Each structure stands twice: as structure tokens, then as C-alpha cells.
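What follows is each chain in one-letter form.
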Amino acid sequence: MSGNGRSRSLGASLAASPSDQPAMCFDQATLAYDDRVVWSELSITVPRGEFLAVLGPNGSGKTSLLRALLGLAPLASGSLEVLGGPPRRGNPAIGYIPQHAGFDRDVPLRGRDLVGLGVDGHRWGFGRLSGEGRTRVEAALEAVAAGPYANEPIGRLSGGEQQRLRIAQALVGNPQLLLCDEPLASLDMRYQQEITELIGGWARDRRGTVVFVTHDVNPVLGYADRVVFVVNGRWAAGPTDEVLTSEKMSGLYDAPVEVLRVRGRIVVVGEASGTGFDIDEPHHFPEPVGAH
Amino acid sequence: MIDQLLHLLPYAFVQDMLVAGVLVSIVAGLVSRFVVARNMSFAVHALAEVGFTGSAGFILIGLSPVLGLLTGSLVTAFFIGALGLRIRERDAVVGVVMAFGLGLGVLFITLYARYSLAFTILFGAITTVSQGDLMLLVAMAALTIVGLGVMYRPLTFATVDPVVAEARGVPVRLISILFLLLLAAAVAEAVQVVGVLLILTLLITPGATAERLTAQPGLATAASVGVALLATLGGILLALVTAVPVSFYVTTIAFVCYLAARLGAPALGRFRGNPTA
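Heads up: these notes are all about the structure in this document. All chains use their own residue numbering, which begins from 1 and follows the written sequence. To label them, take the chains in the order written and letter them from A, then take the ligands in the order written and number them from 1. The predicted nature of this model means local features are confined to residues of pLDDT at least 70 and side-chain atom pairs, given and counted, to a pLDDT of 80 or more, with totals for whole chains, interfaces and linings taken over all residues.

1. Re the overall build of chain A
Here is step 1: The secondary structure listing takes helices from DSSP runs of H or I that are at least 4 residues long and strands from runs of E that are at least 2 residues long, numbered from the N terminus. What chain A contains, in helices and strands, is nine helices and 11 strands.
Here is step 2: We call two residues in contact whenever the C-beta atoms placed from their backbones are within 7 Å. Within chain A, counting contacts between residues at least 6 apart in sequence, those at least 24 apart form 66% of the total.

As C-alpha cells, this is what we get:
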């Protein structure tokens, strides 16, 4: 199942010197839930400071990749190292930004409280945020320019504002690695650009590593150093221009697929459907088990 | 009426009752914030009703009704936790366990054949709790407060933001189970004041009122405890000098607080709306 990717392991060529361990290193890693293999023999090494975009249709195991990095989904075989050690739950060097889900309008929680939970929410006890913690919250709010609405009930904020607070919540712990699970989903174009720039800017300025799950590669084209595309248990990884090609995509999907570059955007089109569709609507891809 | 109260206050049993009332109110105020946020009112009802069965069963074999209540609600919490922690399953599991538990309660009450007892458990009467049980109640409430204090922060995280809480290493599933057990203890305590059937007045209304008043979590918790204190202590004091049961006063005071918060909150400017939206 994993034939496409096996020979393309980037590990050997890009491994950094021993003093500078990579941010993460999947080696022949296979993830399975019960008997269902999500992806197999995945091998990618990401040096520190790089921006990796994780692409693929819904249900292809993009989120599972993040869960493996968070220590929440153990591998069936192979190995994974994160920031120089095995993945473990609650690693403070990892920040996490979820999909925008939308808080209930009346939930008694302000923007700054959400960010505050990023400081000490995981610790047992009752205590209020320390003075140092409050300073860090202020700094994080300022970094994402969320100050003006930090005291508003979070359920009353727009999707873009909530995602800015999510970024502050993830960055307040001063992480080295930032995992983003579809942070742009259900945001309009303007907010998509703002959120991507905040995350990409952090990676650039702080030499932080970003793993960015998205079903549309276009918002991150200017930031991604490389991409990994996962579909049907297979994968391909490498620089964007090498992975998002017609041959590679056709091979991954086991069906004719064309990758077009139009006005600086990348559009992936499956031939069999007759109508145009792009990577935003992956469920329209033809089923690989076809009868000709 | 005031004279009567001043006359009663020096009595030890009145003071014990007030101490128990204060501790139970703190428990109720803290817990109800999470009951509201986690949509657990049905579970609260089940814990209380099967607590009734435990209470009736313990009386039948000559043991403390307070311990019986605690046992009944803890066993229920165990079943709910073991059979269904996922939201979708939870309602069904709660209903299934509650129905059977209450059926047993009918049997116990019939065997004991004193229906006034059922009335007391169902509608509450802290004024009839024995001295020994009052001390037990104080100890239980103090322990529950300590337990809530220890898990308050991760419980808040897991309640308002479960996905990120899990990513940050909060043991979300363990927290759910621990909270269910603490909730069972809180139910057993609050039932002593307001009874099984009126349990929601202490475990929902304070939290629901607080949500209307402020979006600041710390203030909301304080407001919730405040409402529970006002209703419980007010109810106990009024019941001491009149012939009406405690639970009537508690429910009425709590309801008035809720109405006032709903009607008054817009004037206070909670939810000013978002200027940039």
C-alpha cells in the first residue's frame, strides 16, 4: 500500500548534525486503529525551523499524524522521534491549534481565560494564574493583536478572532513545535491569510517548526518548505513542486489526476469526474477500484 | 420572627446545621458550574434518585440514611462511568440505570412500610438529620471541597476546551470519571438539604444563574457559590421559624436569583457584544 513513498524517505539526505536533532522523524512508521491501517511505513524527517504542510482528503489520517506526534496514538510499527525523544503526552515543547469549532455563545470564558488555560490549565489545583503567567498571557495576546477583544465572552467573537486566540493559547507555552489541525477550516479568505501569516511569521522569527494540516495547499504555498500528501494509506513527501505533480498524484490516487497551476494557485483535477474539482473537495476523487 | 431566630441560634444543633449548610453550599456552587457546562442535569437526577434507593435500603437494615444515599449515588456513578462516558451513550445509560434503581427503592420503602420516611428523603429536611449524620455530612462536604480544589483547573480545561486539553496532556477520561464520583458525593450532600426531587435547585440553578451574570470564570464560580449560600442558609433560617419545609424556601430563593439574573443581566451589560464583529 505504501509503495509510493518508501523510496522517497527524506531521512538520510536531510538529517541534521547530532547536536541539532530534527524536530521530528518518522521512520517506517505505521499507524492502525484496530485492524484498519491509516498509513504505513511513513518516513519523513523534518529539521527544526521547517514548515511542513500535511495534505490529503478527509479521513486519510492527517489528524492521526498529529495525534501520533502528541503521544495520543501509538504506532503499530516503526518509530517516531519528536524533538529528540519518543512522543509523550503533555510535552510542554509542543503547541497545538485545533480546527475552529466555535464556542457556545454563552460559555463563561473570555479570550484571555482561554489563553490562560494554555499556561497552567493542565496542572492540578485551584490556584489563580501567577503574576508571571499573567505577563505571558498579555504578551501572547499582544503577539496576535487580540488585546482589543481579550475580555469579550469568547462565544461572541468571530471565527478569525477565536483562531487568533487559539494561536496565542498555543504560543503562550513558548513551544518549539507547533501542530495545527486544519486551523483555516471554515474561515473566509481574509482570515485564512491572517492566520497563516501569524503562524508562518512565528516559525520564521523564532525558528520554530510547524506541522500544518490542511486540505487546501494554496493558503500555505508561500510558507511550506515541504509537503506530505496522504491518501488511501499511501503517501508522498518532498518539496511542494515535486509532490504536487500530475504523475505523483495519479500514482497516489491510482487514477488519472491532473495538477494545474493557475494564477499562482494549485488546482488538482481528477479526469474521470468530467467537471472540475480541486483539492478542496477530495471526496469527488474517483474511487481507485474502477472497472474499465 | 427575628427574636425567635436569635433565641434559636445559640443551640448547638442549629449551629451544626448552619455549618453543614455552608459547606454543602460551597460544594453545590462549585459543582453546579460544571454540571451546567457539561450538560449533566439528567445524570444529577439519576444519582439522586438511586441515592433515594440506597437511603431506603440502609434504613431498612438499620444503618445511616446519609451513608445509604452516598452509597446509592456512588454505585450509580460507577455504572454511568463504566457503561457510557460518551455523550451519545450517556443519556440512555443514565435512564436505564435510574429506572432500575428507583424500582428497587419502591421495594425497600414497601418493606419498611413507613411512607413518611419516603417523603422526607424525596423532599428533604435537614432539620430532621440526626446529630451523628450531621457530622458525617460536614466531613463528606469538606472532603468534596478538597477534591474539587485539587482538580478544579484541569477539570475547567477539559470542560470548556476538551480537544486542546487532551493535546496538552490532561487525562480527559480520568477527569470525567473523577468528576462523576465527586458529583455523586455532592448529590448525596445536597439531598440532605433539599431532597431527591428538588436536587436540581442546588446543583443547576446556582451555576445557571452565574453564567447569566458574568463571562469571567472566577467571578462566575464565586457568584454560583454565593447563590447556593443565600438559598441554603436563607432556607434553613426561614424554616426554623415557620412551619414550611426548608426545600420550599431554598427552591424559591434560588429561582428568584435566577430570574433576577436573567432579567437584570442585560442592564448590567454582560455580553456587550463584539464591536469588531
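Text resumes after the structure shown.
2. As for the nonpolar core
Here is step 1: One finds A:Phe212, B:Leu183, B:Val187, B:Ala190, B:Ile199 and B:Leu203 to be the most contacted residues of the largest nonpolar core, which totals 167 residues.
Here is step 2: Other than its neighbours up to four places away in sequence, A:Phe212 contacts A:Phe51, A:Leu52, A:Ala53, A:Val54, A:Cys180, A:Ile199 and A:Val220. Nonpolar core, as used here: buried Ala, Val, Leu, Ile, Met, Phe, Trp, Tyr and Cys residues forming one set through C-beta atoms within 7 Å. Residues with at least 20 other C-beta atoms within 10 Å of their own are called buried, those with 12 or fewer are called exposed, and the rest are partly exposed. The C-beta atoms themselves are positioned from the backbone.

3. As for unusual backbone geometry
All names here are of chain A.
Here is step 1: Its identity is not glycine, yet Glu41 carries a phi of approximately 50°, on the positive side.
Here is step 2: As for its position among the elements, Glu41 is in strand β2 (residues 36–46).
Here is step 3: Among the residues examined, Glu41 registers 21 C-beta atoms within 10 Å and is labelled buried.
Here is step 4: Its identity as a non-glycine residue notwithstanding, Arg207 has a phi of 55°, on the positive side.
Here is step 5: As for its position among the elements, Arg207 is in the loop between α7 (189–206) and β7 (209–213).

4. What about the packing of helix α4 (residues 65–83) of chain B against helix α7 (residues 131–160) of chain B?
How two helices sit against one another is set out by the angle between their axes and by the gap between those axes.
Residues and elements named next belong to chain B.
Here is step 1: Lines fitted to the C-alpha atoms define the axes, with helices restricted to the stretch that makes contact. Angles between their N-to-C directions range from 0 to 180 degrees. For the pair α4 and α7, the least separation of the axes is 9 Å and the interaxial angle reads 35°. Contacts between α4 and α7 pair Val66, Leu67 and Leu70 from the former with Asp133, Leu136, Leu137 and Met140 from the latter.
Here is step 2: Throughout, the ten residues Ala, Val, Leu, Ile, Met, Phe, Trp, Tyr, Cys and Pro are labelled nonpolar, Asp, Glu, Lys and Arg are labelled charged, and all others, Gly among them, are labelled polar. Counted by class, the contact of α4 with α7 contains six nonpolar, no polar and one charged residues.

5. What about helix α11 (residues 205–213) of chain B?
Here is step 1: Burial analysis of α11(B) places nine of its nine residues in the buried class, the great majority of the element.
Here is step 2: Among the residues of α11(B), those classed as buried are B:Thr205, B:Pro206, B:Gly207, B:Ala208, B:Thr209, B:Ala210, B:Glu211, B:Arg212 and B:Leu213.

6. Quick look at the interface of chain B and chain A
Here is step 1: Taken together, the contacts link 29 residues of chain B with 30 residues of chain A.
Here is step 2: Of all elements in the fold, only α7, α8 (162–167) and α12 (217–241) of chain B reach the threshold of two or more residues within the side of chain B that touches chain A.
Here is step 3: Sorting elements by how many residues they give to the side of chain B that touches chain A places α7(B) first, with nine residues.
Here is step 4: Of the residues belonging to the side of chain B that touches chain A, the class tally is 16 nonpolar, eight polar and five charged.

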